[in-house]
Amino acid sequence: SFPHVASDSAFVDWPITYDDLAPFYDEAESRLGVVGVAGIDPNEPPRDSDYCGAPPPFASPAQRMADAATALGLRPFPIPLAINFEGNGSTHHNRNGNSAKCIKCLTCDLYPCKIGAKNDISLTILPQAVEHGAVIRDRQMVTKLVRTGRRITGVQCVDLRTSEATTIHSDLVVVSGGAIASPALLLASGLGDVGPNGRLIGRYLMRHCSGIVVGFYRSKTNPELQFHKQIAITDYYFGDANNGKPAEPWGMIQGLQVPPPEFMQTTPFPINVVGPVSSKFNIFLMCIAEDMPRFENHVSLHTTDRDQYGQPIARVRYHNHKDDTRRRGWLYKKAVKLQRKAGAFAWVRLPVTTFSHAMGTCRMGSDPKEAVLDPNCNFFGIPNLFVVDSSFMPTSGGVNPSLTIAAQGLRVGTHIAEHWDVITNANAK
């Protein structure tokens, strides 16, 4: 991804190829009911199947921005979305009878869906898992993995309602707490002492170098008050060689839902005063720039601070590399150009400082000296421990990582199912 740092020991390429993940991308889209239009993303990888359905027409803000992008010679397209826009006529078959149809409200990007129109795992996956015997324990916090030699023999938990501690015994454990909680749990379980990969737990944290360009317009941008996180632009995903910029990954620009007035009222001053009024005249564009994996960006455990259950608190250190902010700056300029073309008279740039796209803290690779996990997300040196969430990613890419996480989960799950006896028997030796 980054030619100028390819020889740096911090950089590890993916030990699997796109072809390894491709069928699982298709399966993830099918299980989640993703709608979209195939063949129009200028940087779309090869596909073996179409999307589950077509997205709805663009709302006013998205259409306005799509027209501006087209006028600038770009190739905008609808963002693939895991939303049930078709209701009873949906082609999606994994909703267990729930046929709630999206009403295209303004709360989609910030709140859980009250009518169940989002095709998240609570509607598409977990009900089926329960039907097949899965047991879901809500409000349970895992505090430690119990290790005996080269095997995880138990998982210690605390009930958040009663503070009762229990230990669950299992032949195989999959950790999926996310790129901050997963490494924190591994470190709290003493796995940082496992060599040679333990020292890398929590390292190479990435979160994208993202920012929002807010455009201000003289008339209401969304008079219909409809959902409008719909447009994607990937023309600059690999840079802009036509303007003399180096050939390297930048990322993408996409539409972003303007928060509803009731959300703005909960934000700090002066946004809580200005936001509810100005939001009616805004269009948001999100710039998602790929950030570099760096050893110094990491998750660790606080040496003294504990939570109310006695667990060490995770401590996060992250600073963008100057090249990350440079790429975001280039995307900012392109987004400003789009806003101007669409009719904005003013704009502001707002860097994103959250970790909603946290990745990379238990990265996979072919060598335990350079990675925590093997290509199947198996913890090097502990055959019955797998880590399957965004922490497995060696690099971040320049798009939302959700579908890649889902695809890798399906891929690793298939591997575990097909090799269950071998994995568990190996643990018993």
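Now for a description of the structure that goes with this document. (Residues numbered from 1 in each chain as written. Predicted model: local features only at pLDDT ≥ 70, side-chain atom pairs only at ≥ 80, totals over all residues. Heavy atoms only, no water.)

1. With respect to the overall build of the chain
- Assigned secondary structure in the chain consists of ten helices and 13 strands.
- Relative to the 2.2 N^0.38 estimate, which gives 22 Å for 429 residues, the radius of gyration of the chain is 23 Å and therefore close to what a compact globule would have.
- Taking the principal axes of its C-alpha atoms as reference, the chain extends roughly 70 × 50 × 50 Å.
- Counting the 429 residues in the chain, one finds 48% classified as buried. (Helix = DSSP H or I, 4+ residues; strand = E, 2+ residues; numbered from the N terminus. Rg over C-alpha atoms; globule rule 2.2 N^0.38 Å. Buried < 20%, exposed > 50% of the residue type's maximum accessible area, 1.4 Å probe, protein only.)

2. Quick look at unusual backbone geometry
- A cis amide bond links Gly-195 to the next residue, Pro-196, at an omega of 0°.
- With respect to the element layout, Pro-196 can be found in the loop between helix H5 (178-188) and strand E6 (209-216).
- Its identity is not glycine, yet His-208 carries a phi of approximately 70°, on the positive side.
- Looking at the element boundaries, His-208 is found in the loop between H5 and E6.

3. Some points on the sheet that holds strand E12 (residues 346-351)
- Strand order in this open sheet of six strands is E1-E7-E8-E9-E6-E12, and the pairing throughout is antiparallel. Among the strands making up the open sheet, the edge pair consists of strand E1 (77-78) and E12.
- Note that E6 and strand E9 (residues 282-289) share eight bridges and pair antiparallel. Each bridged residue has a counterpart across the sheet, and for Val-214 the counterpart in E9 is Phe-284.
- Across the sheet, helix H8 (residues 322-342) touches E6, strand E7 (231-233), strand E8 (251-256), E9 and E12, and the angle it forms with E6 is around 20°. (Pairing = 2+ DSSP bridges. Contact = heavy atoms within 4.5 Å. Axes fitted to C-alpha atoms, helices over the stretch in contact; angles between N-to-C directions.)

4. Considerations on the sheet that holds strand E2 (residues 140-148)
- Reading across the sheet, the three strands line up as E2-E3-E4 and stay open at both edges, with antiparallel pairing between neighbours. Every other strand in the sheet has two partners, leaving E2 and strand E4 (165-169) as the edge strands with one partner each. Neighbour to neighbour, the strand axes of the sheet diverge by 25° on average, direction disregarded.
- Both E2 and strand E3 (residues 151-159) contribute to a ladder of eight bridges, which runs antiparallel. Looking at E3, one finds that Thr-148 is bridged to Arg-151.

5. With respect to the pattern of salt bridges
- All told, the structure shown has 14 salt bridges when counted by the stated rule.
- Linking Lys-229 and Asp-109 is a salt bridge whose minimum nitrogen-to-oxygen distance equals 3.0 Å. Taken as a pair, Lys-229 in the loop between E6 and E7 and Asp-109 in the loop between E1 and helix H3 (121-124) lie far apart in primary sequence, 120 residues in all.
- Judged by relative accessible area, which is 18%, Lys-229 ranks as buried.
- Asp-109 gets classed as partly exposed once you look at its relative accessible area, which sits at 28%.
- Several salt bridges share partner residues, and in doing so they unite Glu-248, Lys-322, Asp-323, Asp-324, Arg-326 and Arg-327 into one network. (Salt bridge = Lys/Arg side-chain N within 4 Å of Asp/Glu carboxyl O.)

6. Details of the packing of helix H2 (residues 60-71) against H8
- Put simply, H2 and H8 touch, their axes get as near as 8 Å, and they point 110° apart. Considering the angle they form, H2 stands roughly perpendicular to H8. Here Arg-64, Met-65, Ala-68, Ala-69 and Ala-71 of H2 come into contact with H8, specifically with Leu-338, Gln-339, Lys-341 and Ala-342. (Parallel < 35°, antiparallel > 145°, perpendicular 65-115°, else oblique.)

7. Some remarks on the packing of helix H1 (residues 18-32) against helix H9 (residues 402-418)
- As a packed pair, H1 and H9 sit with axes 8 Å apart at the nearest point and diverge in direction by 110°. As the angle between them shows, H1 and H9 are arranged roughly perpendicular. Each of Asp-20, Leu-21, Phe-24, Tyr-25, Glu-27, Ala-28, Glu-29 and Arg-31 in H1 lies in contact with H9, whose residues at this interface are Leu-403, Thr-404, Ala-406, Ala-407, Gln-408, Leu-410, Arg-411 and Thr-414.
- Split into classes, the residues belonging to the contact of H1 with H9 amount to eight nonpolar, three polar and five charged. (Nonpolar A, V, L, I, M, F, W, Y, C, P; charged D, E, K, R; others polar.)

8. Section: a nonpolar patch on the surface
- Taken together, the side chains of Ile-121, Leu-126, Val-130 and Ile-136 make up a nonpolar region of the molecular surface, amounting to roughly 330 Å² of accessible area.
- With respect to the helices and strands, the residue Ile-136 is situated in the loop between helix H4 (126-131) and E2. (Patch = residues over 30% accessible without salt bridge, like charges linked within 9 Å, V, L, I, M, F, W, Y side chains within 5 Å. Areas by Shrake-Rupley, 256 points an atom, 1.4 Å probe, with all protein chains shown as cover.)

9. Quick notes on the pairing of strand E11 (residues 312-317)
- In terms of strand pairing, strand E10 (residues 298-306) meets E11 through five bridges, oriented antiparallel. Residue His-298 lies in a different strand from E11, and its bridge partner there is Arg-317.
- Connecting E10 to the antiparallel partner E11 that follows it, the hairpin turn spans five residues, and Gly-310 within it adopts a positive phi of roughly 85°.

10. Considering H8
- Compared with an ideal rise of 1.5 Å per residue, which puts 21 residues at 30 Å, H8 spans 30 Å between its outermost C-alpha atoms and is within 8% of the ideal.
- The positive-phi residue at the C-terminal boundary of H8 is Gly-343, with phi of around 110°. (Expected span 1.5 Å × (residues − 1).)

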